[in-house]
Amino acid sequence: MTDFLNTAPQLSTEEKRTLLAKLLQDKAQQERSSFPLSYGQRALWFLHQSYPASPAYNLSMPVGIKSLVDVLALKQTFQTLVNRHPSLRTTFTTQADGSPRQVVSDTASVHFNQIDATTWNRDYLEQTVATSHEQPFSLEQGPLFRVSLYTHTQQDHILLITTHHIVFDAWSSRL
């Protein structure tokens, strides 16, 4: 803002109008992408503030896949989900007054990891998948949606989909 105040007197009337229009447009865009939290989200946000490293509100769905996988197509499928569903592009911030807001980004890349587990025994693979579920989320930084594909053999994979409960619920997982 200080830069604006220093350069504003040097701008022509037309340049000031253009700059003001841009600032108003940016503010309107920011307001459209920032929302108050629902009652349930506020409760989860509060709990996360108290215990940010806790995996208690991580929702995971491991899926065994017993066939060849087109990894690029799978990643593109999850990217399409992220593009389509604003909740998967949402992070949470704290305003100056201490109140939380959810911020929906216009775009976000899917957090997709492909893990080569071809040298792992089955017990180690399952233990690693379980441990991956426990990795905490940063509500401020995001993403709050992770996809991991563990490839044990060409026809044996575990797909782990993990989200934070603040943006996803168990009812939605059935879809």
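Residues numbered from 1 in each chain as written. Predicted model: local features only at pLDDT ≥ 70, side-chain atom pairs only at ≥ 80, totals over all residues. Heavy atoms only, no water.

As for the overall build of the protein chain
At step 1: Within the protein chain, the regular secondary structure consists of 6 helices and 7 strands.
At step 2: Secondary structure elements of the protein chain occur, N-terminal to C-terminal, as α-α-β-α-β-α-β-β-β-α-β-β-α.
At step 3: The 175 residues of the protein chain split such that 31% are buried.
At step 4: Contacts spanning at least 24 positions in sequence make up 69% of the contacts within the protein chain whose residues lie at least 6 apart. (Helix = DSSP H or I, 4+ residues; strand = E, 2+ residues; numbered from the N terminus. Buried < 20%, exposed > 50% of the residue type's maximum accessible area, 1.4 Å probe, protein only. Contact = heavy atoms within 4.5 Å.)

Examining helix 5 (residues 122-133)
At step 1: Taking 1.5 Å per residue as the helical rise, helix 5 with its 12 residues ought to reach 16 Å, and the 17 Å between its terminal C-alpha atoms agrees with that figure.
At step 2: Within helix 5, burial applies to L125, T128, V129 and S132. Along the long axis of helix 5, the arc covered by the buried residues comes to 100°, so they all point the same way. Along helix 5, exposed side chains directed more than 90 degrees from the buried face belong to D123 and Q127.
At step 3: Contacts from the buried residues of helix 5 go to strand 6 (145-153) and strand 7 (156-164).
At step 4: Between a side-chain oxygen at the N-terminus of helix 5 and the backbone nitrogen of D123 the separation is 3.1 Å; the capping residue is N121. (Expected span 1.5 Å × (residues − 1). Arc of directions from axis to C-beta. Polar contact = N/O pair within 3.5 Å; in protein donor to acceptor, adjacent residues only side chain to side chain.)

Notes on the sheet that holds strand 5 (residues 111-116)
At step 1: With mixed pairing, the 4 strands of this open sheet are ordered in space as 2-7-6-5. Edge strands, defined here as strands with exactly one partner in the open sheet, are strand 2 (58-65) and strand 5. On average, each strand axis in the sheet is tilted by 15° relative to the strand beside it, whichever way the strands run. (Pairing = 2+ DSSP bridges. Axes fitted to C-alpha atoms, helices over the stretch in contact; angles between N-to-C directions.)

Some points on a nonpolar patch on the surface
At step 1: A cluster of nonpolar residues, F46, L47 and Y57, forms a patch on the protein surface that exposes about 270 Å² of accessible area.
At step 2: Within the secondary structure, Y57 is located in the loop between helix 3 (39-50) and strand 2.
At step 3: Residue Y57 is classed as partly exposed on the basis of its relative accessible area, which comes to 32%. (Patch = residues over 30% accessible without salt bridge, like charges linked within 9 Å, V, L, I, M, F, W, Y side chains within 5 Å. Areas by Shrake-Rupley, 256 points an atom, 1.4 Å probe, with all protein chains shown as cover. Salt bridge = Lys/Arg side-chain N within 4 Å of Asp/Glu carboxyl O.)

Focus on the sheet that holds strand 4 (residues 100-104)
At step 1: If you trace the 3 strands from one edge of the open sheet to the other, you get 1-4-3, paired in antiparallel fashion. Edge positions in the sheet fall to strand 1 (34-35) and strand 3 (90-94), since each has one partner strand and no second.
At step 2: As judged from the 2 bridges shared by strand 1 and strand 4, these two strands associate in the antiparallel manner. By the bridge assignment, S34 is partnered in strand 4 with V103.

Remarks on the packing of aromatic side chains
At step 1: Tallying each qualifying case throughout the model produces 3 aromatic pairs.
At step 2: Relative to F145, the ring of F78 has its centre 6.2 Å away and its plane inclined at 45°; by these criteria the two rings are tilted. Placement of F78 in helix 4 (residues 71-84) and of F145 in strand 6 is noted, with a sequence separation of 67 residues between them. Considered together, F78 and F145 belong to a single accessibility category, that of buried residues.
At step 3: Arranged with centres 6.4 Å apart and planes meeting at 50°, the rings of W120 and Y150 form a pair that is tilted. Of the two residues, W120 sits in the loop between strand 5 and helix 5 while Y150 sits in strand 6, which places them 30 residues apart along the sequence.
At step 4: Under the relative-accessibility criterion, Y150 is labelled buried at 4%.
At step 5: Here a set of aromatic residues connected by ring pairs shows up, and it is made of W120, Y124 and Y150.
At step 6: In this arrangement the basic side chain of R146 is found over the ring face of F137, its NZ or CZ atom lying 3.9 Å from the centre. (Phe/Tyr/Trp six-rings, centres within 6.5 Å; stacked < 30°, edge-to-face > 60°. Lys NZ or Arg CZ within 6 Å of the ring centre and 35° of its normal.)

Quick word on the side chain of H48
At step 1: If you trace the backbone, H48 turns up in helix 3.
At step 2: Discounting chain neighbours no more than four positions away, the residues touching H48 are F137, L139 and H164.

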